[in-house]
Amino acid sequence: RRAADQGDADAKYTLGYHLVSVSQDYAKAAALFRRAADQGHLNAQYRLGFCYRDGTGVPQDDREAARLYRLAADQGLAESQLNYGQSCEHGRGVPQDIGEAARYYRLAAEQGLAEAQLNIGLFCEQGRDGPQDIGEAARLYHLATEQGFARSQYTLGKLLLQEAAAGRALPAAPGEAARFLAQAAQQTGDEESRLEALAALSKYAHEPDVV
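Conventions and cut-offs
Residue numbers restart at each chain and count upward from 1, following the sequence in its written direction. Predicted model: local features are reported for residues with pLDDT of at least 70 only, side-chain atom pairs are reported and counted for 80 or more only, and whole-chain, interface and lining totals are derived from all residues. Excluding hydrogens and water, the side-chain values take into account all heavy atoms of the structure. Think of it this way: any DSSP run of H or I at least four residues long counts as a helix, any run of E at least two long counts as a strand, and we number them from the N terminus. A 1.4 Å probe rolled over the protein chains alone gives each residue an accessible area, and that area as a share of the maximum for its type sets the label: buried under 20%, exposed over 50%, partly exposed in between. By definition, residues are in contact when any of their heavy atoms lie within 4.5 Å. Note on definitions: angles span 0 to 180 degrees between N-to-C directions of axes, and those axes are lines fitted to C-alpha atoms, for helices only across the stretch in contact. Any angle that is under 35 degrees is reported as roughly parallel, and any over 145 degrees as roughly antiparallel; angles of 65 to 115 degrees are reported as roughly perpendicular and all others as oblique. Crossing handedness follows the turn of the near helix against the far one: under a right angle anticlockwise gives a left-handed crossing, and clockwise gives a right-handed one. Classification used: nonpolar for Ala, Val, Leu, Ile, Met, Phe, Trp, Tyr, Cys and Pro, charged for Asp, Glu, Lys and Arg, polar for all others including Gly. In protein, a polar contact means a hydrogen-donor-capable atom and an acceptor-capable atom, both N or O and within 3.5 Å, with residues adjacent in sequence counting only if both atoms are side-chain atoms; elsewhere, any N or O pair within 3.5 Å suffices. By this rule the span expected of a helix is its residue count minus one, scaled by 1.5 Å. Arc definition: directions from the helix axis to the C-beta atoms.

## So, the overall build of the chain
Right, so step 1: In terms of helices and strands, the chain carries 12 helices and zero strands.
Right, so step 2: Reading the helices (α) and strands (β) of the chain from amino to carboxyl end gives α-α-α-α-α-α-α-α-α-α-α-α.
Right, so step 3: Out of the 211 residues in the chain, the part that is buried amounts to 44%.
Right, so step 4: A fraction of 46% describes how many contacts in the chain between residues 6 or more apart in sequence connect residues 24 or more apart.

Here you go:
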């Protein structure tokens with residue numbers, strides 16, 4: 001606490017994070033994040049953005065959340081690049097801009113952030129930022145899946161099934177789609193996603209010629 005009082009940005013951030021995770025004192029945490037953020041601390045800018053997004057410890061303000069996300073995103077923080085991309089995709093706090101969303105998702109994906117790899121993969125699959133590119137979507141889903149990200153396991157498994165059923169099989173080991181769907185069903189904490197993965201897995205079981 002003494003270091004935080006003396007102006008150390010890392011100490012302010014660490015103390016704020018402790019207040020959130022241990023005592024849930026969001027108002028004091030947000031004040032500490034603000035002081036560290038004003039000193040240019042990237043993680044503090046990112047965390048303060050969360051506070052404004054959710055209205056924890058500060059009034060809810062999507063514009064301020066997006067502003068803080070972009071501050072840290074433009075200095076290279078992958079998590080903030082993801083969050084600012086989401087702000088742009090959904091028009092939260094900034095005008096909706098799919099091109100900007102894709103740009104920030106790609107920046108975060110290039111740093112290995114699994115959720116960003118999934119999001120830009122979805123853009124490729126759906127043709128939301130240029131021509132549809134199923135092969136690139138599958139590559140990005142694979143990258144996220146290798147990190148154990150359940151949503152990408154489900155999305156990749158489903159894509160493999162759909163493409164194979166349409167006679168456009170992507171390069172994949174036998175049974176790979178079923179494996180990804182089974183992993184997704186086991187790992188996801190979201191009941192709706194778990195049921196979707198199980199339903200797709202059940203469909204696979206009745207289509208033995210599909211990868």
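That covers the picture; the talk isn't over yet.
## Quick look at the packing of helix α6 (residues 78-90) against helix α7 (residues 98-110)
Right, so step 1: Running from N to C, α6 and α7 cross one another at 165°; their axes reach a closest spacing of 8 Å. In this view, α6 runs roughly antiparallel relative to α7, as classed from their interaxial angle. Crossing hand, α6 versus α7: left-handed. Residues A78, Q81, L82, Y84, G85, Q86, C88 and E89 of α6 pack against I98, E100, A101, Y104, Y105, L107 and A108 of α7.
Right, so step 2: Of the residues belonging to the contact of α6 with α7, the class tally is 10 nonpolar, three polar and two charged.

## What about the side chain of Q117?
Right, so step 1: Its place among the elements puts Q117 in helix α8 (residues 114-126).
Right, so step 2: Reaching out from Q117, the side chain makes a polar contact with the side chain of Q147 at a distance of 3.1 Å.
Right, so step 3: Non-local contacts of Q117, meaning those with residues more than four positions away in its chain, are made with A109, G112, L140, L143, A144 and Q147.

## A closer look at helix α3 (residues 26-38)
Right, so step 1: The first and last C-alpha atoms of α3 sit 18 Å apart over 13 residues, in line with the 18 Å expected at 1.5 Å per residue.
Right, so step 2: All of the buried residues along α3 are A29, A30, L32, F33, A36 and A37. Take α3 and look down its axis: the buried residues cluster within an arc of 165°, on one side only. Away from its buried face, by an angle of more than 90 degrees, α3 presents the exposed residues K28 and D38.
Right, so step 3: For α3, the secondary structure elements touched by its buried residues are α2 (9-23) and α4 (42-54).
Right, so step 4: Positive backbone phi, approximately 90°, marks G40, located one or two places after α3.

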